[in-house]
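An overview of the molecular structure
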Amino acid sequence: MVIRIAAVGDVHLDEDVVGRFRPALEELPDRADVLLLAGDLTRHGTEAEARCVAQEFGGLGVPVIAVLGNHDHQCDQVPQVIGALTEAGITVLEGDGVVLDCADGRLGVAGVKGFGGGFAGRCASDFGEPEMKAFVRTTTESADRLAAALKSLDCDVLVALTHYSPVPDTLAGEPLEIYPFLGCYQLGQAIDSAPTALALHGHAHHGSERGVTPGGVRVRNVAHPVIKQAYSIFYLGDHLDQAEVSSVGTGGIQQSWS
């Protein structure tokens, strides 16, 4: 059994960028069973930009599953953004999951945007001012929804999809001062609470590609500025070592946008 997962995040599409990914995306049916989008699909979270995403990533011949990112929330048009993506056949997850029947097995994908907060020893706590408590509770509630979604899926291979990072490893290259705004340890705990095979995220444009949760789950930062291509492909299967994830790069796009 081998399931092929293509993934990219932080494409930040608007009308000036639409069309640049499409030539590589057209090759997906021969290369992958599914495409996962790790948030920040738009620049400012408008319905018009979401329709650019729908045009670019809709009708690819493989299922497309996404979570939103912080950019996709900027203009407070989240329902319209989700509506435009859903109309194009893109599944948007937020604290829930989906199981796909692939040629070689059942793939489960649980997704949530996630939130910041920091990592062990350097993190915010649910203490003090109401604003700080609300911040940390948002983080905790998001992670709890991811854990519940992961545990609910009956599948052969389980993948977690977030925008914010679950580990500090994949933030290496970003200023230490902004780590608490790029991810949180609670997401890592959620991923470790289920038999997750792979965790994918974006958000950290200047981060690193590879990391691992405390429980040993491989984590990959698939933000487009990091992978510098239209998507990366990951192979998951029972003939591969459970401790390893095989991956290849593909696609011809080398530009990056902030």
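The rules behind each value
Residues numbered from 1 in each chain as written. Predicted model: local features only at pLDDT ≥ 70, side-chain atom pairs only at ≥ 80, totals over all residues. Heavy atoms only, no water. Core = buried A, V, L, I, M, F, W, Y, C linked by side-chain atoms within 4.5 Å. Buried < 20%, exposed > 50% of the residue type's maximum accessible area, 1.4 Å probe, protein only. Helix = DSSP H or I, 4+ residues; strand = E, 2+ residues; numbered from the N terminus. Contact = heavy atoms within 4.5 Å. Pairing = 2+ DSSP bridges. pLDDT = per-residue confidence, 0-100.

Once that is clear, we can look at the nonpolar core. Ranked by internal contacts, the top residues of the largest apolar core, which has 31 residues, are Leu28, Leu35, Phe57 and Tyr231. Those elements that provide at least two residues to this core are strand 1 (2-8), helix 1 (22-25), strand 2 (34-38), helix 2 (47-57), strand 3 (64-67), helix 3 (78-87), strand 4 (90-92) and strand 13 (231-237). Looking at this core element by element, the count peaks at four residues for helix 3. The residues touching phenylalanine 57, leaving out its near neighbours within four places in the chain, are Val11, Leu13, Arg22, Leu25, Leu35, Leu37, Val64 and Ile90. Counting 21 residues, the second largest nonpolar core, distinct from the first, contains Ile5, Val67, Val157 and Phe234.

Moving on to the pairing of strand 2. Within strand 2, five of the five residues are buried, which leaves the element mostly enclosed by the surrounding structure. Neither face of strand 2 is exposed, since Val34, Leu36 and Ala38 on one face and Leu35 and Leu37 on the opposite face are all buried. Relative to strand 2, strand 1 runs parallel, the two being bridged by four bridges. Note that in strand 2 the partner of alanine 7 across the bridge is leucine 36.

Attention now moves to the confidence of the model for the chain. Averaged over every residue, the pLDDT of the chain is 92; the share at 70 or more is 92%. This model gives residues 240-246 a pLDDT under 50, and the stretch forms 14 contacts once residues within four places in sequence are excluded. Here residues 252-258 is modelled with pLDDT under 50, and outside its nearest four sequence neighbours on either side it reaches 23 contacts, counting other chains as well.

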